[in-house]
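# Summary of the model geometry
Below are the chains, spelled out letter by letter.
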Amino acid sequence: GPRSAGACTVHGTLAVWASGHDVGGWRGDVWSLDLVNPSSAWNTLPSLLTPRVYHAMASVNAFLYVFSGYYNHAPITSVEVLDMSNPSAGWSSTSSALPKDRQRSTAVVANGMVYLVGGLSSLTGDRNNRYFFNDYVSAAATASISSWVAGTINYAPRKYNAGAFTWGGDYG
């Protein structure tokens, strides 16, 4: 049914949607649609280990990644990976969680690296105690991300509409 706060990425010819929230609660299911044949049905992939909302997704080589987010009213830092050359093996956790939870960030892939840019952190789970990131973290895109490196961005983070973050616009 209708869903909000999930994430989507493109993997080869597939659009992949993961997790989110609907009237039934938190979801961890993952779906794919063949973009070459968009009239085909959505297919299920293995469910995430931890359902989540406000997470980011990326695809690098044979791997799908799901980063951080929020689950059961608490921030999470875990990173999960699915090897699309053998999706029936299911999702696994990478060896390195994010240094801080990073909700509503954007995942970008370049030169074998994955970058999580911007977003916010609710370190206590309290919606009124949020930290807006003015940085990024990056890692080599492997089956088990082993470490994250932080970098800075010389612009103030901005909130846009109901939760998307970018540079420029209104801060508040």
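Residues numbered from 1 in each chain as written. Predicted model: local features only at pLDDT ≥ 70, side-chain atom pairs only at ≥ 80, totals over all residues. Heavy atoms only, no water.

Right, let's talk about the overall build of the chain for a bit. Of the regular secondary structure elements, the chain holds zero helices and 16 strands. Across the 172 residues that make up the chain, the buried fraction comes to 42%. When contacts within the chain are restricted to residue pairs at least 6 apart in sequence, long-range pairs at least 24 apart make up 41% of them. Of the roughly 8,700 Å² that the chain leaves accessible, carbon and sulfur atoms contribute 52%. (Helix = DSSP H or I, 4+ residues; strand = E, 2+ residues; numbered from the N terminus. Buried < 20%, exposed > 50% of the residue type's maximum accessible area, 1.4 Å probe, protein only. Contact = heavy atoms within 4.5 Å. Areas by Shrake-Rupley, 256 points an atom, 1.4 Å probe, with all protein chains shown as cover.)

Residue position: L45 is located in strand β4 (residues 43–45). Overall, L45 belongs to the buried group, its relative accessible area being 14%. Placed 43 residues apart in sequence, L45 and S88 show a C-alpha to C-alpha distance of 7.9 Å.

Now for the sheet that holds strand β2 (residues 14–22). Sheets are built from strands paired through backbone hydrogen bonds, the pairs being either parallel or antiparallel. Read from one edge of the open sheet, four strands run β1-β2-β3-β4, paired in antiparallel fashion. Edge strands, defined here as strands with exactly one partner in the open sheet, are β1 (7–11) and β4. Pairs of neighbouring strands in the sheet enclose a mean axial angle of 30°, with direction left out of account. (Pairing = 2+ DSSP bridges. Axes fitted to C-alpha atoms, helices over the stretch in contact; angles between N-to-C directions.)

Residue placement: N111 occurs in the loop between β9 (106–110) and β10 (113–117). The spatial distance from the C-alpha of N111 to the C-alpha of V60 is 9.7 Å, given a sequence separation of 51 residues.

Turning next to unusual backbone geometry. Despite not being glycine, S68 has its phi angle at roughly 50°, a positive value. Among the residues examined, S68 registers a relative accessible area of 0% and is labelled buried. One non-glycine residue, R104, adopts positive backbone phi at about 60°. Tracing the backbone through its elements, the reader meets R104 in the loop between β8 (92–93) and β9. Looking at R104, the relative accessible area reads 17%, which means it is buried.

In this model, the chain carries a mean pLDDT of 79, and residues with pLDDT of at least 70 account for 80%. Considering only residues more than four positions removed or in separate chains, one finds that residues 157–172, a stretch of pLDDT under 50, has 32 contacts. (pLDDT = per-residue confidence, 0-100.)

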